[in-house]
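Here are the chains, one letter per residue:
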Amino acid sequence: MTAATIVTLIKIFLLVGGLLTAAAYLVLLERWMAAWVQDRRGPNRVGIPLTNIKMFGLGQPLADGLKFIFKEEFTPNHVDKALFRLAPIVIMTAAVAIFAAIPFGSVLPPLGINGVQDPIPLLVAPGLEVGMVYIFALSSIAVYGVILGGWASNNKYSFLGALRSSAQLISYEIPLGLGLLGVVLLSGTLKLDSIIGQQAQTGVWNVFLQPLGFFVFVIAATAEAARLPFDLPEAEQELIGGYHTEYSGMKLLLYLIAEFLHMITASFLIVILFLGGWHFWGLTGAGNEVTWPIAILRIVVLAAKILAVILLFMIVRWSWPRFRFDQLMSLAWKVMVPLGLVNLLVTAVLVEYGDAISQSIGASTLWVTIVLSWSITLAAWIGAGLLAPLSTDNTPRPLALPFDPESELAP
Amino acid sequence: MKSDDPSIKWIEEPKLGLSGRMYLPLFVQGLSTTVKHLFSPKLTVSFPEQRPKLGNPLIYRGVHRLNKDQAGRVKCVACFLCSTACPAHCIDIVAAPSPWPDREKYPESFSIDELRCIFCGMCEEACPVDAIELTSLLDLTGRSREEMVFDKEKLLSVYDITKDAEPMKSIAMGGTV
């Protein structure tokens, strides 16, 4: 085994361990946020086992995990056994495998050990040129986990949840891709670490150049992660949990962790594509030659940004009611897709003719891009608000003629 | 009721203005409400360490107690009015001839099944000598059903625990001795 292989294995262990721990603690954070927003205190009892030390409830994830492990894992008789077991594995594998192409930091300085003379990129698959394509392909596989689970459960609520989910995920993948395409056009690469590197080099985060793409991407990513107000697939109140109604024990835990991993993935992508990744002005520097403090600082900055985005997701959850399904679909097809197309068009024009326009005005390309894209965002947003038939009216109407049941029955 | 019934009043949904169609008022309103509650003082208390604040502990309907008179004897005269009034039939009294000259009977045993009790306070209302009262003790726990049937000694000990915090109605307030 070469040193490079060992380094990669260590990165995988760190990443998967970190992700699962992060998911467990995000469950705690989600419960805290839910409690605080509802003027409650939230879980604050579980601390170090066998002692009375409470530590604000930081032991709760451990207790939750133990509870899931020791719970009865009930498989109903009416399910398709093979698919029922396969579904959580599919969704979990896809959710974890996405992270092979997502950088979780910048680079580490060379360790100086034999065989590791180069800086170590904090990315499991640094050579993957088609990073974004890989991420999109795997995030589409998550739909399989959902629909397999709903189908195998052989239960109408689960199946409805799965159908809703597949329709929603497939619809929102289009605005997600359109929002992303602007960034790809602008930076000319599909590698996430190169996209961060470019934002760090220029010091201008993509959110300033791509505001419309940012809004479209954030909304579509919320829908892809099935977070409120787009959580129709699970809609506890309507579907008693949707596609994972019949699951219990560890299989349910796999589904729940996969859901949180989707949210973490969405936050990673938002931060990396639009909010500069590990870059912060005056703090982290830009180049690939780093010292240990800078390398660690970059990881911290990235983690802080991701946490901020996740906190936003969690506050959003308690702020707005769930969309109705027709509203969800019309938002995707009649608002988000056109907005994404406008963004794509504007970006393409700016990439091709930005220099020519700025030269004819006499301003710098950067400022022309920023001003143009923000004004077009504003115009497109207002246009979408005025034109979009969002409020499909389903209020009861008085009938024009009085209803006569006899005439309905007559042949 | 038919849809052309004249008593039905049809109301049009208010039209959204420009800002409403931009989603912005909804956005700001929802987010500001959530953030406000995120940092507002919490309404719940950490129960075992922190006691909930009761409006007026004197009229709270918690665990029962059997009052004692000035001589330290049980005030109850075993008249059975409380057990008759009890809608849950949770009071069980065995009367015996009183050893004291000032009354005819006294309760030889007096037990309340706290699990059957609905804490309505009718026993307290019914008692002619203010012997049975509901206290403000609200954490009522036990490990078995038998343990939750409070006998005379237990009810008298509840009086000893709560007599300082919640004094018995005095004569001045219209109570009996």
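Parameters at a glance
- Here the residue numbers are simple positions, counted from 1 along each chain's written sequence.
- Chains carry letters from A onward and ligands carry numbers from 1 onward, assigned in written order.
- Local features in this predicted model are restricted to residues whose pLDDT is 70 or higher, and side-chain atom pairs enter the listing and the counts only when it is 80 or higher, whereas totals over whole chains, interfaces and linings include all residues.
- Under the DSSP-based scheme used, a helix requires at least four consecutive residues in state H or I and a strand at least two consecutive residues in state E, with every element numbered from the N terminus.
- We compute the radius of gyration over the C-alpha atoms and compare it with the globule rule, which gives 2.2 Å times the number of residues raised to the power 0.38.
- Using C-beta atoms placed from the backbone, we call a residue buried if 20 or more other C-beta atoms fall within 10 Å of its own, exposed if 12 or fewer do, and partly exposed for counts in between.
- Two residues qualify as a contact pair if the distance between their C-beta atoms, derived from the backbone, is within 7 Å.
- Interaxial angles span 0 to 180 degrees and are taken between N-to-C directions of axes, which are lines fitted to C-alpha atoms, for helices over the stretch in contact.
- Should an angle fall under 35 degrees it is called roughly parallel, over 145 degrees roughly antiparallel, and 65 to 115 degrees roughly perpendicular, with every other angle called oblique.
- Whether a crossing is left-handed or right-handed is set by the direction in which the near helix is turned from the far one by less than a right angle, anticlockwise for left-handed and clockwise for right-handed.
- Gly falls in the polar group here, along with every residue not listed as nonpolar (Ala, Val, Leu, Ile, Met, Phe, Trp, Tyr, Cys, Pro) or charged (Asp, Glu, Lys, Arg).
- Domain ranges listed in this record stem from an automatic or a database domain assignment.
- Any two strands with at least two DSSP-identified bridges between them are counted as paired.

1. Remarks on the overall build of chain A
Point 1. What chain A contains, in helices and strands, is 14 helices and two strands.
Point 2. For chain A, whose C-alpha radius of gyration is 24 Å, the value lies close to the compact-globule estimate of 22 Å for 411 residues.
Point 3. Over its C-alpha atoms, taken along the principal directions, chain A stretches across nearly 85 × 70 × 45 Å.
Point 4. Across the 411 residues in chain A, those meeting the buried criterion constitute 39%.
Point 5. Here the contacts in chain A between residues at least 6 apart in sequence split such that 76% fall between residues at least 24 apart.

2. Topic: the overall build of chain B
Point 1. Along its length, chain B carries five helices and five strands.
Point 2. Its helices and strands in sequence order give chain B the pattern α-α-β-α-β-β-α-β-β-α, from N to C terminus.
Point 3. Taking 177 residues into account, the globule formula puts the C-alpha radius of gyration at 16 Å, and chain B, at 27 Å, lies well above it.
Point 4. Across its three principal axes, chain B shows a C-alpha extent of roughly 85 × 50 × 40 Å.
Point 5. Out of the 177 residues belonging to chain B, those deemed buried represent 15%.
Point 6. For chain B, restricting intrachain contacts to residue pairs at least 6 apart in sequence, the fraction spanning at least 24 positions comes to 71%.

3. Quick look at the packing of helix H3 (residues 81-97) of chain A against helix H10 (residues 249-274) of chain A
All names here are of chain A.
Point 1. Put simply, H3 and H10 touch, their axes get as near as 9 Å, and they point 30 degrees apart. Taken together, H3 and H10 sit at an angle that is classed as roughly parallel. Between H3 and H10 lies a crossing whose hand is left-handed. Each of Pro88, Ile91, Met92, Ala95 and Val96 in H3 lies in contact with H10, whose residues at this interface are Lys251, Leu254, Tyr255, Ile257, Ala258, Leu261 and His262.
Point 2. Of the residues that constitute the contact of H3 with H10, the class distribution is ten nonpolar, one polar and one charged.

4. Some remarks on the domain arrangement of chain B
Point 1. Structurally, chain B comprises domain 1 (15-44) and domain 2 (57-162).
Point 2. The straight-line distance from the C-alpha centre of domain 1 of chain B to that of domain 2 of chain B is 52 Å.

5. Examining unusual backbone geometry
Residues and elements named next belong to chain B.
Point 1. Residues other than glycine seldom take positive phi values, yet Phe119 does so here, at roughly 55 degrees.
Point 2. With respect to the helices and strands, Phe119 occurs in the loop between strand E3 (105-113) and helix H4 (122-126).
Point 3. A tally of 16 C-beta atoms within 10 Å means that Phe119 is categorised as partly exposed.
Point 4. One non-glycine residue with positive phi stands out, namely Asp130, at about 50 degrees.
Point 5. Positionally, Asp130 belongs in the loop between H4 and strand E4 (132-134).

6. So, the domain arrangement of chain A
All names here are of chain A.
Point 1. Split into domains, chain A comes out as domain 1 (1-70) and domain 2 (74-334).
Point 2. Of note, the centres of domain 1 and domain 2, computed from C-alpha atoms alone, are 19 Å apart.
Point 3. Counting residues per element, the ones that place at least two in the side of domain 1 that touches domain 2 are helix H1 (3-37) and helix H2 (60-70).
Point 4. In terms of residues, the side of domain 1 that touches domain 2 owes the most to one element, H1, which gives 19 residues.
Point 5. Tallied by class, the residues present in the side of domain 1 that touches domain 2 amount to 18 nonpolar, two polar and two charged.

7. Some thoughts on the packing of helix H5 (residues 156-187) of chain A against helix H8 (residues 211-224) of chain A
Residue and element names in this part refer to chain A.
Point 1. With their axes 8 Å apart at the nearest point, H5 and H8 run at an angle of 150 degrees to one another. Comparing the axis directions of H5 and H8 gives the class roughly antiparallel. The hand of the H5/H8 crossing is left-handed. Of the residues in H8, those in contact with Gln168, Leu169, Tyr172, Glu173, Pro175, Leu176, Leu178, Gly179, Leu180, Gly182 and Val183 of H5 are Gly213, Val216, Phe217, Ala220, Ala221, Ala223 and Glu224.
Point 2. Of the residues assigned to the contact of H5 with H8, the class counts are twelve nonpolar, four polar and two charged.

8. Describing the pairing of E3(B)
Residue and element names in this part refer to chain B.
Point 1. Across seven bridges, the pairing between strand E2 (residues 91-97) and E3 is antiparallel. Across the sheet, residue Ile93 finds its bridge partner in E3, namely Phe110.
Point 2. Summarising the sheet, E3 and strand E5 (residues 149-150) pair through two bridges and their orientation is antiparallel. Bridged to Ile112 within E5 is Phe150.

9. Re the environment of Gly59(A)
Residues and elements named next belong to chain A.
Point 1. Of note, Gly59 is situated in the loop between H1 and H2.
Point 2. Using a count of 19 C-beta atoms within 10 Å as the deciding quantity, one classes Gly59 as partly exposed.
Point 3. A C-alpha to C-alpha distance of 8.2 Å links Gly59 and Arg45, two positions 14 residues apart in sequence.
Point 4. Contacts of Gly59, omitting those with residues within four sequence positions, involve Val46, Gly47, Ile48 and Pro49.

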